[in-house]
Amino acid sequence: MSIIKHFTFITVLLLTLSSEAANEKNVVLQLKWKHQFQFAGYYAAKYKGFYKDAGLQVEIRERDIKSSPLEDVLAGRATFGISDSSLVLQRLHNKPLVITSTVFQHSPLVFMAKASSGIRNVSDLIGKRIMFQRGVDDASLLAMFSIVGINNKDYQFIKHNFDNMALMKDYTDVMSAYLTNQPNLYRAMGEEVVIFDPVNYGIDFYGDLIFTSEEVIKNDLASVDAFTQASLKGWLYAMDHPVEIVDLIIQQYNPSLLRDTLLQEAMQTKKLINAHLIPIGTINNIRFERISETYKSLDMAPIGSELTGLTLDEYRTDTQVFLGKWGIIIGVVIITLFVLLMFFYYLNRKLNERVKERTSALKDSNKLLEQHVENIKQKNEALKSAMLQVNQANEAKSTFLANMSHEIRTPMNGIFGSLQLLEQMPLDKLAHELIESASFSTKNLLVIINDILDFSKIEAGKLNVSDVPFDLYKVLSSLQQDVQPLVENKDVTFLINVTSGTHQYWRGDPVRVKQILINMVSNAIKFTEEGTVVVNIEDKQGLHIDVIDTGIGMDADMMSRLFGRFEQADSSTTRKNGGTGLGFSITRSLVELMGGKMSVVSKVKQGTTINMFLPLKQAKFEDMVHKELPHIKLLKTKKVLLAEDNKINQIVAVKMLESIGVQVTVVDNGQLALDAVQKQDFDLVLMDIQMPVMDGLAACTELRKTHKDLPIVALTANVMSDDILKYKQEGFNDHVGKPIDQAYLLKVLAQYLSD
């Protein structure tokens, strides 16, 4: 028995020691640059013991400029590496790398030039000396160049010498830099810089990513998971304790760094990680696909290349998961069975006791399982309740939007309808211009109201622009009238310069073109206390529009937040100047929706220049001539019944119809409409929906029982797409929305009343 006890003790001891030895794994992390706060999460994971708790001994190496992290990992000199979205490009070129996690949601890599160099926008980079690492970590910069039409022949390439002061030493005119720290080095010396961020040109790549090789994953997936999770835990700690980690970096990694500089870098790094909005480590495969499509569209990767195998989840097969979780348990069970077979005689009595113990444990497990099942049931009930609340909220929102649409459009109908009737009257030139301007502004307001009320269209990115002929000079004249009150109480001169030879007539969306101009000009006037605001218009295969002001200007930090929604470039100006912070975001969306481009250059206390290009096509004068509405003569003497309870709307509709000879009978509700149809024959019925006594839907249903062929048109302020579909399903032939557009109303009447 003594021999058996000693043998059992030695066996258990060997298993324990071998298990501990197996858990101790040495790995090497290759950074993409020198030690700084950019890699704070990895220092924190090692310092706080997160790597050790995961069974890892981690060596953190700073960058050797003679090689790249990708080369080191694929060559086996490092287990893990830190790089950026250029990993996607390398994977498209069949490099056997695998991204295990994201860290930076946005890339900090930008181009930087001294403000004193005179470089203000991307076009100024042509012919300049530009220093960066071609093909290494700089893919987003090359993509930005390709989008703006700059190729390799347009500038002098300078190989990066990794000297932070390269601009000060006149080694180059422009250099690639990290937004987190390098601009601050120059500003600390009193040298302002100009930043060119790929994000402002639609290139929003990931920043730092953790990656390894396919070989490492296939050999030890569990260690890859352990390293990744410990690193992310380290990042969360570093973000919550930046001062502590800054001191750690200075003490153990890079004593030459300044504490204030590292703290500034920590603030910028936190913005790029964006963990308060997107959980750190989140991998969005759709975003990786968009990045790969950008490379392909710019001929930086083969069209037929694929991203298969890019992320860690693709390597988690059922077999691997099973072996990873249960392999050790199966091995222990086999060893246990072997020992039991050898010592079965001696352990027979204890076996019964173990059976009893296992039975008790099984009962406890069953109780836990029952509790888990009950918890799942409770969570399902909570989920059902939450879904019900969401559905109720959506229904309430839809009801609110429908009611608001109706209530706003009803008074708008009186305004717009009256303006249309006034336009048809004999007026002097000044009165005609005023009516025309008011009508144009009313249409603008109506379009904007439509977009605000139709939340589903805006949220889904389905805001459309029209393609109609318009007079550019009328748009500019209307702009002049609208902004004139803004400059009357300020020492500001507003000018519109149209280059000689600029075409007058264009095809596009005049309402959106004016909305773009109004947004940018009113913003320029708002932030210009004295001086000038100038709009320059030039015809170059489309419309080139520059809005130039001599206002307060913006620094690099303000510029980086310029196109964010509900963002003010400087929050301190909000109380003084007001505004929602939507102007620049909406304007850029409209410009891009038209296929155009927009850029902004600004300097504090000197002013701002906004450059926009709209690729519109020219129209002819003949396209602008308003011809007589078709089929008007065919409508004369036709009998139309108008069911409408609002007196103002009655007056507007009657005047519009009587002006072309239509005989109109007016009733105040649906019941009176039924009575009128029984007493007299009508050629068509215009039916409001919301009326007292009997609404339009009920009246239409009753009329269809006896007059199946009588045209019935819904004339209502309800213009939501769901409402229009419902009306047609209930028996209405067509729909005319309020405010009433007379031309469209007559077009609908002609469709149903032409003999």
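Predicted, not measured: the structure shown is a model, and the values here were computed from it. (Residues numbered from 1 in each chain as written. Predicted model: local features only at pLDDT ≥ 70, side-chain atom pairs only at ≥ 80, totals over all residues. Heavy atoms only, no water.)

Trainee: Help me out: how do you make sense of the overall build of the protein chain in this one?
Mentor: On a plain count of helices and strands, the protein chain comes out with 28 helices and 23 strands. Per-residue burial over the protein chain gives 43% buried out of 755 residues. Sequence-distant contacts, at least 24 apart, represent 74% of the contacts inside the protein chain between residues at least 6 apart. Approximately 40300 Å² of the protein chain is accessible, and the part contributed by carbon and sulfur atoms is 55%. (Helix = DSSP H or I, 4+ residues; strand = E, 2+ residues; numbered from the N terminus. Buried < 20%, exposed > 50% of the residue type's maximum accessible area, 1.4 Å probe, protein only. Contact = heavy atoms within 4.5 Å. Areas by Shrake-Rupley, 256 points an atom, 1.4 Å probe, with all protein chains shown as cover.)

Trainee: It is not clear to me how the side chain of Asp72 should be interpreted in this structure. Could you clarify?
Mentor: Secondary-structure assignment places Asp72 in helix α4 (residues 69-74). With relative accessibility at 6%, the residue Asp72 sits in the buried group. Within the structure, Asp72 has its side chain in polar contact with the side chain of Ser67 (distance 3.1 Å). When near neighbours in sequence (up to four residues on either side) are disregarded, Asp72 contacts Gln30, Ser67, Arg77 and Ala78. (Polar contact = N/O pair within 3.5 Å; in protein donor to acceptor, adjacent residues only side chain to side chain.)

Trainee: Help me understand the sheet that holds strand β4 (residues 97-102), please; the structure alone is not making it clear to me.
Mentor: Strand-to-strand pairing in sheets goes through backbone hydrogen bonds, with the strands running parallel or antiparallel. Overall, mixed pairing links the 5 strands, which are arranged β2-β1-β3-β10-β4 in an open sheet. Two strands bound the open sheet, and with one partner strand each, they are β2 (56-61) and β4. With strand direction ignored, the average angle separating the axes of adjacent strands in the sheet is 30°. Two strands pair when backbone bridges link them, and β4 and strand β10 (residues 209-213) are joined in this way by 5 bridges, in the antiparallel orientation. Its bridge partner lying in β10, Leu97 is registered against Ser213. Strands in contact with helix α2 (residues 40-47) are β1 (25-30), β2, β3 (80-83) and β10; relative to β2, the strand with the most contacts, it is inclined by about 145°. (Pairing = 2+ DSSP bridges. Axes fitted to C-alpha atoms, helices over the stretch in contact; angles between N-to-C directions.)

Trainee: What am I meant to see in the pattern of salt bridges here?
Mentor: Pairs can form between side chains of opposite charge once their charged atoms are near each other. This structure, assessed with the given rule, holds 23 salt bridges. Across the pair Asp170 and Arg129 runs a salt bridge, and its minimum N-O distance is 2.9 Å. Linking Asp170 in the loop between β7 (156-159) and β8 (174-178) with Arg129 in strand β6 (residues 129-132), this pair joins segments that are 41 residues apart in sequence. We note a salt bridge from Arg507 to Asp467, for which the minimum N-O separation is 3.5 Å. Of this pair, Arg507 sits in strand β13 (residues 505-508) while Asp467 is found in the loop between α16 (455-459) and β11 (468-471), placing the two residues 40 residues apart along the sequence. Using a relative accessible area of 28% as the deciding quantity, one classes Arg507 as partly exposed. (Salt bridge = Lys/Arg side-chain N within 4 Å of Asp/Glu carboxyl O.)

Trainee: Even after reading the chapter, I still don't get unusual backbone geometry, so can you show me in this structure?
Mentor: Glycine aside, the phi torsion of most residues is negative, and most peptide linkages are trans. Of the consecutive residues Lys738 and Pro739, the connecting peptide bond is found in the cis state with omega at 0°. On the secondary structure map, Pro739 appears in the loop between β23 (734-737) and α28 (742-753). A positive phi angle is found at Lys605, which is not glycine, with a value near 70°. With respect to the helices and strands, Lys605 occurs in the loop between β16 (597-603) and β17 (607-614). One non-glycine residue, Val693, lies in the positive phi region at around 70°.

Trainee: What should I look at first to understand the packing of aromatic side chains in this one?
Mentor: Each aromatic ring pair is characterised by the separation of its centres together with the angle its planes make. Counting across every chain of the model gives 16 aromatic pairs. Where Phe132 meets Tyr155, the ring centres are 6.3 Å apart and the plane angle is 50°; that geometry is what we call tilted. Here the residue Phe132 occupies a position in strand β6, and Tyr155 occupies one in the loop between α6 (139-147) and β7, the gap between them amounting to 23 residues. With a centroid separation of 5.2 Å and an interplanar angle of 45°, the aromatic rings of Phe145 and Tyr155 are classed as tilted. With Phe145 in helix α6 and Tyr155 in the loop between α6 and β7, this pair connects stretches of sequence that are 10 residues apart. As far as the burial class goes, Phe145 and Tyr155 line up, both buried. (Phe/Tyr/Trp six-rings, centres within 6.5 Å; stacked < 30°, edge-to-face > 60°.)

Trainee: Got a minute to help me understand empty space enclosed by the protein in this structure?
Mentor: Over the atoms a probe the size of a water molecule is rolled, and this reveals where empty space is left. Inspection of the entire model under this criterion finds 3 cavities of 30 Å³ or more. Along its surface, the largest cavity is lined by 20 residues, and Trp33, Gln133, His160, Phe162 and Tyr178 are the ones closest to its centre. Counting residues per element, the lining of the largest cavity draws most heavily on β8, at 4 residues. Its residues assigned to classes, the lining of the largest cavity comprises 7 nonpolar, 8 polar and 5 charged. Of the voids in this model, the second largest cavity is the one considered here, and its volume is about 40 Å³. Together, Ser107, Leu109, Ser140, Asp197, Pro198, Val199, Ile203, Asp204 and Phe205 line the second largest cavity. Partitioning the lining of the second largest cavity into residue classes produces 5 nonpolar, 2 polar and 2 charged. (1 Å grid on protein atoms, 1.4 Å probe; cavity = no way out; pocket = protein on both sides within 12 Å on 5 of 7 lines; lining within 4 Å. Points joined across faces, edges and corners; volume = space filled by probe spheres on them. Nonpolar A, V, L, I, M, F, W, Y, C, P; charged D, E, K, R; others polar.)

Trainee: How should the sheet that holds strand β18 (residues 617-618) be read in this particular structure?
Mentor: Across the sheet, which stays open at both edges, the 3 strands sit in the order β11-β13-β18 with antiparallel pairing between neighbours. Looking at strand neighbours, the two that pair on one side only are β11 and β18, the edges of this open sheet. Where β13 and β18 come together, 2 bridges link them in antiparallel fashion. Note on β18: the bridge partner recorded for Trp506 is Gln618. Contacts between helix α17 (residues 472-487) and the sheet are confined to β11 and β13, with β11 contributing the most and set at about 60° to the helix.

Trainee: Is there a simple way to explain a nonpolar patch on the surface in this structure?
Mentor: On the surface, a cluster of nonpolar side chains totalling about 240 Å² of accessible area is made up of Leu422, Met425 and Leu427. The exposure class assigned to Leu427 is partly exposed, which follows from its relative accessible area of 37%. (Patch = residues over 30% accessible without salt bridge, like charges linked within 9 Å, V, L, I, M, F, W, Y side chains within 5 Å.)

Trainee: Can you help me understand the packing of α2 against helix α10 (residues 242-252) in this one?
Mentor: Angle between the axes and distance between the axes are the two parameters that describe a pair of packed helices. Here α2 crosses α10 at 85°, and the two axes come no closer than 10 Å. One finds that α2 runs roughly perpendicular with respect to α10. Every residue of α10 that contacts α2 at Ala40, Tyr43, Ala44 and Tyr47 is listed here: Glu244, Ile245, Leu248 and Ile249. (Parallel < 35°, antiparallel > 145°, perpendicular 65-115°, else oblique.)

Trainee: What exactly am I supposed to notice about helix α12 (residues 285-297) here?
Mentor: With 13 residues, α12 extends 18 Å from end C-alpha to end C-alpha; this agrees with the ideal 18 Å at 1.5 Å per step. Tucked inside the fold, the buried residues of α12 contact α5 (86-92), β4, α6 and β10. For α12, the capping residue at the N-terminal end is Asn284, with a side-chain oxygen 3.0 Å from the backbone nitrogen of Ile286. Following α12 by one or two positions, Asp299 has its phi on the positive side, about 60°. (Expected span 1.5 Å × (residues − 1).)

Trainee: It is not clear to me how the environment of Asn733 should be interpreted in this structure. Could you clarify?
Mentor: In this structure, Asn733 sits in the loop between α27 (721-729) and β23. On a C-alpha basis, the gap between Asn733 and Pro711 in space is 6.1 Å, while along the polypeptide they are 22 residues apart. Excluding residues that lie within four positions of it along the chain, Asn733 makes contacts with Arg704, Leu710, Pro711, Ile712, Lys728 and Tyr752.

Trainee: Can you help me understand the packing of α2 against helix α9 (residues 221-240) in this one?
Mentor: At a minimum axis distance of 7 Å, the contact between α2 and α9 shows a crossing angle of 105°. Overall, the two elements α2 and α9 adopt an arrangement that is roughly perpendicular. Contacts between α2 and α9 pair Ala40, Gly41, Tyr42, Ala44 and Ala45 from the former with Ala230, Ser231, Gly234, Trp235, Tyr237 and Ala238 from the latter. Classifying every residue of the contact of α2 with α9 by side-chain character gives 8 nonpolar, 3 polar and no charged.

Geometric descriptors of this kind do not, in isolation, establish any biological role.
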